[in-house]
Amino acid sequence: MALLTVKNLTKNFGGLCANSNISMEVASNELVGLIGPNGAGKTTLFNMLTGVYEPSGGTILLNNGDHEVSIGGMKPYKVTAMGIARTFQNIRLFKGLSVLENVKIAMHKDVHYHLAQAIFRTPKFYQEEARMEKQARELLSIMKLDQKSGELADNLPYGEQRRLEIARALATNPKLLFLDEPAAGMNPQETAELTELIRFIKERFQISIVLIEHDMSLVMNLCERIYVLDYGKMIAKGTPSEIAVNQKVIDSYLGEEV
Ligand SMILES: Nc1ncnc2c1ncn2[C@@H]1O[C@H](COP(=O)(O)OP(=O)(O)OP(=O)(O)O)[C@@H](O)[C@H]1O
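Just so you know, the residues in each chain are numbered from 1, in the order the chain's sequence is written. Totals for whole chains, interfaces and linings use every residue, but because this is a predicted model, local features are given only for residues with pLDDT of at least 70 and side-chain atom pairs only at 80 or more, for both listing and counting.

As annotated in an unreviewed UniProt entry, the protein carries the name ATP-binding cassette domain-containing protein and is attributed to Copranaerobaculum intestinale.

See the structure below:
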């Protein structure tokens, strides 16, 4: 059974069909790319898969151990609780909080103390706070941000803010992670480092990752399988080498063989 199974997913905005009968699967511990021209419907698909948009039609099934759960139309916080996390094309951090606080806040859904224990500062409260702090620092270390833990998120350079977003997503303990243009605005050196980091995260946490990206070197290097959207329709799927020579994909997006 696949981890994620999408069948005939459709999203209409008035007369515009942004996603039309999209079907796709993501296996456990798989790294999948989603590519296509601007306006093809990639972010709309992510938004439906993470509860931001309600689908106009179709189903989204998430494997929950021994059975599949239909998550289409679920609220985003419930989707997060089911084990799905994401980052956004336009970075969304708590800019006035420190790097460490940004990660700790994202862990909130897994906190194991009650309000009364927090108010009266019981041993359980301190124990849980210490556990979260340790886990947050480990995530920052993995994302190479441990030296920046006390800085305001707003003061980080762009590439580091993108890595902090990934740390925050990982802090929710996902089994499936969606990354929306993780390399946007990065230079080639930063992109190469990010490529290795994403590969490492997949293995370290044994999770599945689906990423939208326009940087073809990252996509072709990293992804095991690729889906291609064009005008809201899934026009191709395959391995990077299959996609690179797919004539429909070359015509609509790649322009020439990559
Ligand atoms: N909330 C919305 N209301 C109306 N139209 C929308 C909405 N969100 C997206 N669209 C439209 O749906 C289409 C697909 O947009 P989407 O952002 O999903 O494309 P994309 O493939 O992610 O593009 P890009 O690569 O530029 O980020 C576009 O025509 C867009 O204008």
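Now that the structure has been shown, the text picks up again.
Draft legend 1. Geometry of the overall build of the protein. Secondary structure is summarised from DSSP: a helix means a run of H or I of at least four residues, a strand means a run of E of at least two, and numbering begins at the N terminus for each. Helices and strands together make up the secondary structure of the protein, namely 10 helices and 10 strands. Just to be clear, the radius of gyration here is over C-alpha atoms, and the globule rule we use is 2.2 Å times residues to the power 0.38. In summary, the protein has a C-alpha radius of gyration of 19 Å against a globular reference of 18 Å for 258 residues, a match within 12%. To sort residues by burial, count the other C-beta atoms lying within 10 Å of each one's C-beta; a count of 20 or more means buried, 12 or fewer means exposed, and anything in between means partly exposed. C-beta atoms are built from the backbone. Per-residue burial over the protein gives 39% buried out of 258 residues. What counts as a contact is two residues whose backbone-derived C-beta atoms lie within 7 Å of each other. Restricting the contact set of the protein to residue pairs at least 6 apart, pairs at least 24 apart contribute 65%.

Draft legend 2. Highlighting the pairing of strand β9 (residues 225-230). One ladder, built from 4 bridges, connects strand β3 (residues 31-35) with β9; its direction is parallel. By the bridge assignment, V32 is partnered in β9 with R225. DSSP bridges decide pairing: two strands pair if at least two such bridges lie between them. As paired elements, β9 and strand β10 (residues 233-238) share 5 bridges and run antiparallel to each other. Of the residues in β10, the one forming a bridge with L229 is M234.

Draft legend 3. Representation of the environment of L16 in the model. Within the secondary structure layout, L16 lies in strand β2 (residues 16-26). Put simply, L16 and N246 are 230 residues apart on the chain and 27 Å apart in space, counted from C-alpha to C-alpha.

Draft legend 4. Layout of the sheet that holds strand β1 (residues 4-13). Pairing within the open sheet is antiparallel, and its 4 strands lie in the order β2-β1-β4-β5. Here the strands that pair on one side only, and so sit at the sheet edges, are β2 and β5 (68-70). Adjacent strand axes in the sheet meet at a mean angle of 25 degrees, parallel and antiparallel pairs treated alike. In terms of strand pairing, β1 meets strand β4 (residues 57-63) through 5 bridges, oriented antiparallel. Paired with T10 across the bridge in β4 is G57. Axis geometry follows a simple rule: fit a line to the C-alpha atoms, using only the stretch in contact for helices, then measure angles between N-to-C directions, giving values from 0 to 180 degrees. Running at roughly 65 degrees to β2, helix α1 (residues 42-49) makes contact with β1, β2 and β4 of the sheet.

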